[in-house]
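Observations on the three-dimensional arrangement
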Amino acid sequence: MSAHRVAMLTLALVITAATGLLAEVRAASGAASGAEPEARAGEGRELFVARCSSCHSLDYMEMHARFGTRALWEAEVTKMRNAYKAPLNDEEAKAIVEYLARTYGPTSPAASVSR
Amino acid sequence: MGSSRTTVFRAPVARRAVLAALGAAAVLQATGSALARAAGQLLEALPGKRALRRLTNRPPNYETPLEYFRSVLTPNEAFFVRYHHAVIPQIDAAEFRLEVVGAALERPLTLTLAQLRTEFPAVELVAVCQCSGNRRGLFEPPVPGLQWGHGAMGNARWRGVRLADVLARAGLRSNAVELAFDAADAAPLEGTPDYVKSLPLGKALHPDTLLAYEMNGAPLPALNGHPLRLVVPGWTATYWIKQVTRIEALTAPASGFWMAGAYRMPRASFPLLERFPSQESGERAPVTEIAVNSLITSTEPSAAGRTRVRGIAWDAGHGIDRVEVSADGGRTWQRAELGEDLGRYSFRPWQFEYSSLAPGALELWARASNRAGQTQVEQPIANPSGYQHNAFHRVRIEVNS
């Protein structure tokens, strides 16, 4: 079906899900089964959560952290903008890449508690 | 459009489960820690499903734990789940409509599920549905994308109608180039490309290509395409559109992101027997056939001092010719005994009994070859998106004295 129609139908649900995410997420360790991983602490976290988690859970970040180089995160953010049409301006994209490169990399401080 | 409810997917989870112990005396482990990293350690049960390995919750991407591959047919409740987009409608079978449209048709159609069930001959076949990126998480160096272990696949008995029969009723014109298939799911963002995939005429009209409404004797599970999905035996799951609501006969090649921009591989690295010429461009070609592959599913002591190894092998439907095992790092290979044949697209079970393995730790390897002369590779073929990993399966076992 056209994405347009579904998007119209489910706008309210999307907002609910995104809002609920902030309130309900728990630790990324998997201790809270069914919960989506919480965004790791760091500068730029709020912008990242607001722009990225409306479409997907943050499992994707945890899954890539073991090899999450700056080049990887730049490529991913570029793909999200160009292919998936994530509505980010250049400044926001740059800030999100900075946050991801600092926070979801093999040597990031939080790496020791991820799975 | 027949969707009665549309939801943004957030998995409600009923329970966690612990991976069952694999063998009594011989313990099967993945070589190194790649598999553990790849698949994630969290097991969760989605609605209607047993506990599967979670990769991502939203959209839902869950893989089948290895122990389920000890049966040739994968149970519906354990069948892997893979979505690109998180807005997944729940479709009432009674309200479902399939539109068959396009400039290359004589007579556009709209069909109900009841019409599909009663007005066309029913066909059944067993076929493996395997994600193009199955085992991506085992590539070294790592490749971005869902970090699947071995379980982004399953084997089922599909029942439905031939796509060719539906297209015959609609009257395919001679100017048809490809058939495009639209899934009912959508992304939360309006601008994200809708998931639409196309097939070349030859594959679409092949008598084994089905619009399936049953899986292993039951209606399709909600998360595996209820009420109707495309079944493309021999080709990877990217083409097996779930909740297919629209078929379009095209007079020019499909050009959307999911064809032109995704699921492509360097052509030279992967000689394919079944190609998709209207979608080939430059060095890249679409993923098509499932590469020949195998999996060791259990090792256990049999008679005194003996060790029985069991597994499965599969390919794109050319047929499994042989499976060989090695306990000495590939210096010598022994031919396994092939089991029940459920058809050329199915998992083929196999087993081998070692009469005298020295006590201690060792690595077992398995490799399959098909009747087209293709054999699994020792090292996976590197490619930018991590598709078609079909290196020998290697497991470490402990043989008790």
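Basis of the calculations
- Residues numbered from 1 in each chain as written.
- Chains lettered and ligands numbered in written order.
- Predicted model: local features only at pLDDT ≥ 70, side-chain atom pairs only at ≥ 80, totals over all residues.
- Helix = DSSP H or I, 4+ residues; strand = E, 2+ residues; numbered from the N terminus.
- Buried ≥ 20, exposed ≤ 12 C-beta atoms within 10 Å, placed from the backbone.
- Contact = placed C-beta atoms within 7 Å.
- Rg over C-alpha atoms; globule rule 2.2 N^0.38 Å.
- Arc of directions from axis to C-beta.
- Core = buried A, V, L, I, M, F, W, Y, C linked by C-beta atoms within 7 Å.
- Axes fitted to C-alpha atoms, helices over the stretch in contact; angles between N-to-C directions.
- Left-handed = near helix turned anticlockwise from the far one by under 90°.
- Nonpolar A, V, L, I, M, F, W, Y, C, P; charged D, E, K, R; others polar.
- Expected span 1.5 Å × (residues − 1).
- Pairing = 2+ DSSP bridges.

**As for the overall build of chain A**
On a plain count of helices and strands, chain A comes out with five helices and zero strands. In chain A, the succession of helices and strands from N to C terminus is α-α-α-α-α. Burial analysis of chain A (115 residues in total) assigns 35% to the buried set. In chain A, of all internal contacts separated by at least 6 residues, the share reaching a separation of at least 24 is 62%.

**Some words on the overall build of chain B**
Helix and strand content of chain B: five helices and 27 strands. Over its C-alpha atoms chain B spans a radius of gyration of 21 Å, differing by no more than 12% from the 21 Å that the globule rule assigns to 401 residues. A principal-axis box enclosing the C-alpha atoms of chain B has dimensions of 70 × 45 × 40 Å. For chain B, the proportion of its 401 residues judged to be buried stands at 51%. Taking the contacts inside chain B whose residues are at least 6 apart along the sequence as the reference set, 71% of them involve residues at least 24 apart.

**Here we look at helix H3 (residues 163–170) of chain B**
Residues and elements named next belong to chain B. Within H3 the residues assigned to the buried category are Leu-163, Val-166 and Leu-167. Buried residues of H3, viewed axially, fall in a sector of 95°; they line one side. Residues of H3 that are buried sit in contact with strand S8 (97–101), strand S11 (153–162), helix H4 (201–204) and strand S14 (210–215). Once H3 finishes, Gly-171 follows within two positions and takes phi at roughly 75°, a positive value.

**A closer look at the nonpolar core**
Residue and element names in this part refer to chain B. Formed by 116 residues in total, the largest nonpolar core has its most connected members in Leu-211, Leu-230, Val-244 and Leu-364. Take this core: its biggest share by element is five residues, from S14. In contact with Val-244, other than residues within four places in its own chain, are Leu-98, Phe-181, Ala-183, Leu-211, Leu-228, Arg-229 and Leu-230. Formed by five residues, the second largest nonpolar core is a distinct cluster that contains Tyr-263, Met-265, Ala-285 and Val-287.

**Quick look at the environment of Asp92(B)**
Positionally, Asp92(B) belongs in the loop between strand S7 (87–91) and S8. Linking Asp92(B) and Gln243(B), residues 151 residues apart in sequence, is a C-alpha distance of 11 Å.

**Remarks on the environment of Ala41(A)**
All names here are of chain A. One can find Ala-41 in the loop between helix H1 (3–24) and helix H2 (45–52). Take Ala-41: there are 9 C-beta atoms within 10 Å of it, and that puts it in the exposed class. A C-alpha to C-alpha distance of 19 Å links Ala-41 and Val-77, two positions 36 residues apart in sequence.

**Regarding the packing of helix H4 (residues 70–82) of chain A against helix H5 (residues 90–103) of chain A**
All names here are of chain A. At their nearest, the axes of H4 and H5 sit 9 Å apart, and the two run at 140° to each other. Here H4 runs over H5; the crossing is right-handed. Taken together, the residues of H5 that come into contact with H4 (itself represented by Arg-70, Trp-73, Glu-74, Val-77 and Arg-81) are Ala-93, Ile-96, Val-97, Leu-100 and Ala-101. Its residues assigned to classes, the contact of H4 with H5 comprises seven nonpolar, no polar and three charged.

**Section: H5(A)**
Residue and element names in this part refer to chain A. Taking 1.5 Å per residue, 14 residues should reach 20 Å; H5 reaches 20 Å between its end C-alpha atoms and fits that length. For H5, the complete set of buried residues consists of Ile-96, Val-97, Tyr-99, Leu-100 and Thr-103. Within H5, the buried residues cover an arc of 165° as seen down the axis, which keeps them to one side. More than 90 degrees from the buried face of H5, the exposed residues found are Asp-90 and Glu-91. Summarising the contacts, the buried residues of H5 are in contact with H2, helix H3 (59–64) and H4.

**A short note on the sheet that holds strand S9 (residues 109–112) of chain B**
Residue and element names in this part refer to chain B. Strand order in the open sheet made by the five strands is S9-S8-S17-S12-S13, with mixed pairing throughout. The outermost strands of the open sheet, each flanked by one partner alone, are S9 and strand S13 (196–200). The mean inter-strand angle of the sheet, taken between neighbouring strand axes irrespective of direction, is 20°. Pairing analysis gives three bridges linking S8 to strand S17 (residues 244–250), with the strands arranged parallel. Bridge assignment links Glu-99 to a residue of S17, and that residue is Arg-246.

**With respect to the sheet that holds strand S5 (residues 61–63) of chain B**
Residue and element names in this part refer to chain B. An order of S3-S4-S5-S6 is seen for the four strands of this open sheet, with the pairing classed as antiparallel. The sheet is open, and its two borders are formed by strand S3 (43–45) and strand S6 (81–82), each paired with just one other strand. Note that S5 and S6 share two bridges and pair antiparallel. Across the sheet, residue Tyr-62 finds its bridge partner in S6, namely Val-81.

**Concerning the pairing of S17(B)**
Residues and elements named next belong to chain B. Of all seven residues that make up S17, six are buried, and the element is covered over most of its length. Inspection of the sheet shows strand S12 (residues 178–183) paired to S17 by six bridges, in the antiparallel sense. Counterpart to Ala-180 in the pairing with S17 is Glu-248.

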